[in-house]
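# Architecture and fold: a report
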Amino acid sequence: MIVAGELAGRLADVRSRIEAAAERAGRREQDVLLIGVTKTHPPQLAQAAVDAGLADLGENRVQELVAKREHVEGARWHLIGQLQRNKVRDVVGRQVLVHSVDRARLADALSRRAEQLDALQRVLIQVNVGDDPAKGGCEVGGTLDLVAYARGLPNLAVEGLMTIPPLPPTGVDPLEFAQPHFATLRELRDQARERFPEVLHLSMGMSSDLEAAVAEGATMVRIGTALFGTRQDGPWRPEEDAR
Ligand SMILES: *Cc1c(COP(=O)(O)O)cnc(C)c1O
């Protein structure tokens with residue numbers, strides 16, 4: 001983990017990587033939303049990110065997101081990790097963009113809870129582009145059906161697709177390895193968008209491969225290590241605040 005004072009420099013570095021990649025692709029930097037992934041890190045560091053101008057923050061666990069956000073002002077939150085149906089009520093109605101909807105039953109549960117709260121839940125559909133058993137996401141071949149199903153639910157807004165490519169094998173360039181996976185997600189998004197114009201976003205790209213993601217049209221990149229340094233061993237918990 002880094003100290004808060006290092007953050008401004010790291011943020012500037014990541015933004016210039018995005019800017020350079022966007023320029024090479026003939027895109028605009030402002031069309032790529034930077035999400036700072038604060039998982040395992042204390043809320044003080046998340047707050048320092050917001051204060052440095054990074055308002056969008058992502059967490060991969062519901063409990064950590066819910067506990068941390070109480071201590072951070074001015075952030076917009078993204079849930080980027082797997083969501084269990086029994087945690088749906090901790091998320092809906094709290095202005096969280098859920099990036100990880102990967103099955104019809106989860107979409108049902110989110111919409112039903114949103115209906116109870118008279119809310120609209122914004123979601124992305126997560127796709128397992130590399131067919132990687134270690135990763136969440138629906139199958140590539142089932143993506144368009146799941147998009148159509150989820151957007152047919154009354155209280156969901158399906159705004160795009162998300163993916164986490166498999167880890168590159170040792171010695172393989174992470175950018176080259178990830179690029180075809182990102183291209184697959186873009187093609188799926190383009191197909192979905194022909195029927196449903198609101199399916200716009202591509203949430204893809206992490207610290208080691210953001211250039212490839214931006215080249216393939218990412219509209220959201222999820223960056224942890226490059227901004228906040230090495231992660232702690234486990235999730236942050238309120239009782240460890242003194243750590
Ligand atoms: C942790 C995480 C990230 C950030 O990964 P880095 O390699 O540290 O940038 C991005 N997306 C998801 C879904 C994550 O869980």
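### Some points on the packing of helix 6 (residues 143–151) against helix 7 (residues 174–195)
Two elements in contact, helix 6 and helix 7, have axes separated by 10 Å at closest approach and are oriented at 40°. Of the possible angle classes, the one that applies to helix 6 and helix 7 is oblique. In this structure, helix 6 meets helix 7 at a crossing whose hand is right-handed. Contacts between helix 6 and helix 7 involve Thr 143, Leu 144, Val 147 and Ala 148 from the first element and Leu 188, Gln 191, Ala 192 and Arg 195 from the second. Here the residues of the contact of helix 6 with helix 7 are counted per class, giving 5 nonpolar, 2 polar and 1 charged.

### Re the pattern of salt bridges
Counted under the stated rule, the structure contains 11 salt bridges. Close ionic contact of Asp 31 with Arg 28 constitutes a salt bridge, the shortest N to O distance being 3.1 Å. Residue classification places Arg 28 among the partly exposed positions, given a relative accessible area of 49%. For Glu 216, the salt bridge is made with Arg 186, and the minimal N-O distance between the two is 2.5 Å. With Glu 216 in the loop between helix 8 (210–215) and strand 8 (220–223) and Arg 186 in helix 7, the pair connects residues that are 30 residues apart, well separated along the chain.

### As for the layout of surface pockets
The space that makes up the largest pocket amounts to roughly 550 Å³. If you go around the largest pocket, you meet 27 residues; those closest to its centre are Lys 39, Lys 135, Ile 164, Met 206 and Arg 222. Here the lining of the largest pocket gets 3 residues from one element, more than from any other, and that element is helix 7. A breakdown of the residues in the lining of the largest pocket according to their chemical character gives 13 nonpolar, 9 polar and 5 charged. By volume, the second largest pocket amounts to about 260 Å³. Lining the second largest pocket are 15 residues; nearest its centre among them are Arg 94, Gln 95, Val 96, Leu 97 and Arg 122. Taken together, the elements giving at least two residues each to the lining of the second largest pocket come down to strand 3 (76–79), strand 4 (96–101) and strand 5 (121–126). It is strand 3 that contributes the most residues to the lining of the second largest pocket, 3 residues altogether. Residue classes in the lining of the second largest pocket are distributed as 7 nonpolar, 4 polar and 4 charged.

### Some thoughts on unusual backbone geometry
Note: most residues except glycine have negative phi, and most peptide bonds are trans. Positive phi, close to 60°, is recorded for Gln 95, a residue that is not glycine. Mapped onto the secondary structure, Gln 95 falls in the loop between helix 4 (88–91) and strand 4. Judged by relative accessible area, Gln 95 falls into the exposed class, the value being 72%. One non-glycine residue, Asp 131, lies in positive phi territory at about 50°. Following the sequence through the fold, Asp 131 ends up in the loop between strand 5 and helix 6. You can call Asp 131 exposed: its relative accessible area is 63%.

### Remarks on the pairing of strand 2 (residues 56–59)
Judged by which residues are buried, strand 2 turns out to be covered on both faces: Asp 56 and Gly 58 on one side and Leu 57 and Glu 59 on the other are all buried. The β-α-β motif built from strand 1 (residues 33–37), the intervening helix 2 (residues 43–51) and the parallel element strand 2 has right-handed crossover chirality. In this sheet, strand 3 lies alongside strand 2 in parallel orientation, the contact comprising 4 bridges. From the neighbouring strand, Asp 56 faces strand 3, where its bridge partner is Arg 76. In terms of handedness, the path from strand 2 via helix 3 (residues 62–69) over to strand 3 forms a crossover that is right-handed.

### Here we look at the site of the ligand
The environment of the ligand is formed by Val 37, Lys 39, Ile 80, Ile 164, Met 206, Ser 207, Arg 222, Ile 223, Gly 224, Thr 225 and Arg 231. One of the side-chain nitrogen or oxygen atoms of Lys 39 is found 2.6 Å away from an oxygen atom of the ligand. Between the ligand and Arg 222 there is a distance of 2.9 Å, counted from a nitrogen atom to a side-chain nitrogen or oxygen. Contact with the protein chains covers 90% of the free accessible surface of the ligand, which is 390 Å².

### Some remarks on the nonpolar core
Counting 64 residues, the largest nonpolar core has Leu 34, Leu 57, Leu 83, Leu 110, Ile 125 and Val 221 as the members making the most contacts within it. Element by element, the count of residues in this core is highest for helix 1 (residues 7–24), at 6 residues. Apart from residues no more than four positions distant in its own chain, Val 221 is found in contact with Ile 18, Val 32, Leu 33, Leu 34, Ile 35, Met 204, Gly 205, Leu 210 and Val 214. Core analysis: the next-biggest nonpolar cluster, separate from the first, contains 7 residues, Ile 35, Val 37, Leu 97 and Met 162 among them.

Definitions and cut-offs
Residues numbered from 1 in each chain as written. Predicted model: local features only at pLDDT ≥ 70, side-chain atom pairs only at ≥ 80, totals over all residues. Heavy atoms only, no water. Axes fitted to C-alpha atoms, helices over the stretch in contact; angles between N-to-C directions. Helix = DSSP H or I, 4+ residues; strand = E, 2+ residues; numbered from the N terminus. Parallel < 35°, antiparallel > 145°, perpendicular 65-115°, else oblique. Left-handed = near helix turned anticlockwise from the far one by under 90°. Contact = heavy atoms within 4.5 Å. Nonpolar A, V, L, I, M, F, W, Y, C, P; charged D, E, K, R; others polar. Salt bridge = Lys/Arg side-chain N within 4 Å of Asp/Glu carboxyl O. Buried < 20%, exposed > 50% of the residue type's maximum accessible area, 1.4 Å probe, protein only. 1 Å grid on protein atoms, 1.4 Å probe; cavity = no way out; pocket = protein on both sides within 12 Å on 5 of 7 lines; lining within 4 Å. Points joined across faces, edges and corners; volume = space filled by probe spheres on them. Right-handed = clockwise from strand over helix to strand, strands pointing away. Pairing = 2+ DSSP bridges. Near = heavy atom within 4 Å. Polar contact = N/O pair within 3.5 Å; in protein donor to acceptor, adjacent residues only side chain to side chain. Areas by Shrake-Rupley, 256 points an atom, 1.4 Å probe, with all protein chains shown as cover. Core = buried A, V, L, I, M, F, W, Y, C linked by side-chain atoms within 4.5 Å.

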